[in-house]
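# Inside the fold
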Amino acid sequence: MKFYVDFDDCLCETARAFTGIADRLFDKKVPYEDIRFFNLKESFGLNDDQYDELMIEGHRPEVLLSYEETPGASQTLNELIDNGHEVSVITGRPYSAYETSRKWLDDHGLDRAKLFCLDKYGRDSFIKNSEFNLKLEDYYKMEFDYAIEDSPLAFKFFDHLPDLKVMVIDRPWNHEVELPGNFTRCTDWKMIKNLIG
Ligand SMILES: [Mg+2]
């Protein structure tokens with residue numbers, strides 16, 4: 001089977017790291033549990049310049065490499081790969097973060113997972129003028145049996161696959177979103193593992 005896996009807040013604790021960055025740069029103290037919007041500009045109450053600065057800081061290689069793994073992610077995915085399944089990490093990070101993201105995966109035992117950068121969030125919610133290495137038209141040629149995502153803004157990328165089983169990692173910014181029938185809210189990777197069987 002083929003697995004689509006999102007990177008930030010599925011494989012690693014990106015939003016938790018961003019709360020620390022917002023505090024360090026702008027003295028904004030927003031607890032992780034209070035991140036109600038996927039758009040961090042809104043959640044942290046930042047202006048446009050501050051948001052740009054936050055995103056650039058959060059994508060510096062040493063910062064990206066410091067993101068903590070979400071417990072169980074690497075082990076679960078490696079078991080799937082051991083059993084002959086295919087894992088593609090499809091991230092909304094820009095291609096400028098590819099090499100560092102690849103290193104993070106390799107450092108966390110995910111060297112056999114593929115990595116693609118797809119423009120999931122549009123120019124307004126990411127680093128300006130970013131490039132991506134997976135074109136939308138090529139993404140739509142890919143097929144998946146399972147998807148693991150956290151962002152409601154990315155759910156539209158599953159509309160063309162009605163049989164896809166989508167597992168949504170429960171996060172404060174998706175907690176109140178109503179999910180379609182083929183979606184399952186998952187508290188952690190243990191639950192994902194049990195659902196895949
Ligand atoms: Mg994500």
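Attention here is on the structure that accompanies the text.

Cut-offs applied
Within each chain, residue numbers correspond to sequence positions counted from 1 in written order. Given that the model is predicted, a residue must reach a pLDDT of at least 70 before its local features are reported, and side-chain atom pairs must reach 80 or more before they are shown or counted; all residues, however, enter totals for whole chains, interfaces and linings. Excluded from the side-chain calculations are hydrogens and water; all other atoms, namely the structure's heavy atoms, are used. Throughout, an axis means a line fitted to C-alpha atoms (over the contacting stretch in the case of helices), and angles, computed between N-to-C directions, take values from 0 to 180 degrees. Strands are runs of DSSP state E lasting at least 2 residues, helices are runs of H or I lasting at least 4, and numbering of each runs from the N terminus. If an angle is under 35 degrees, it is roughly parallel; if it is over 145, roughly antiparallel; if it lies from 65 to 115, roughly perpendicular; otherwise it is oblique. In this scheme, a crossing is called left-handed if the near helix is turned counterclockwise away from the far one by less than a right angle; it is called right-handed if the turn is clockwise. For this analysis, residues touch if any pair of their heavy atoms sits within 4.5 Å. The classification used treats Ala, Val, Leu, Ile, Met, Phe, Trp, Tyr, Cys and Pro as nonpolar, Asp, Glu, Lys and Arg as charged, and all other residues, Gly among them, as polar. In this description, a donor is an N, O or S atom within 2.8 Å of the metal centre, a cutoff extended to 3.2 Å for sodium, potassium and calcium. Water is not part of the atom list, which can make sites seem incomplete. Three exposure classes are used, based on accessible area relative to the maximum for each residue type with a 1.4 Å probe and protein chains only: buried under 20%, partly exposed in between, and exposed over 50%. By definition, two strands form a pair when at least two bridges between them are found by DSSP.

## Description of the packing of helix 1 (residues 14-26) against helix 3 (residues 48-58)
Put simply, helix 1 and helix 3 touch, their axes get as near as 10 Å, and they point 125 degrees apart. The angle between helix 1 and helix 3 falls in the class oblique. As for the relative orientation of helix 1 and helix 3, their crossing is right-handed in sense. Within the contact between the two elements, helix 1 uses Phe18, Ile21, Ala22, Arg24, Leu25 and Phe26 and helix 3 uses Gln50, Glu53, Leu54, Met55, Glu57 and Gly58. When grouped by side-chain class, the residues that make up the contact of helix 1 with helix 3 number seven nonpolar, two polar and three charged.

## What about the coordination of the magnesium ion?
Distances from the magnesium ion to its protein donors, Asp6 (OD), Asp8 (O) and Asp150 (OD), fall at 1.9 to 2.2 Å. Written as a sequence motif, the donor arrangement for the magnesium ion is D-x1-D-x141-D. Of this pair, Asp8 sits in the loop between strand 1 (2-5) and helix 1 while Asp150 is found in the loop between strand 4 (146-149) and strand 5 (165-169), placing the two residues 142 residues apart along the sequence. For Asp8, a relative accessible area of 16% gives the class buried.

## Focus on the pairing of strand 2 (residues 86-91)
Within strand 2, five of the six residues are buried, which leaves the element mostly enclosed by the surrounding structure. Sheet topology places strand 1 next to strand 2; four bridges connect them, and they run parallel. Opposite Tyr4, over in strand 2, you have Ser88 as the bridge partner.

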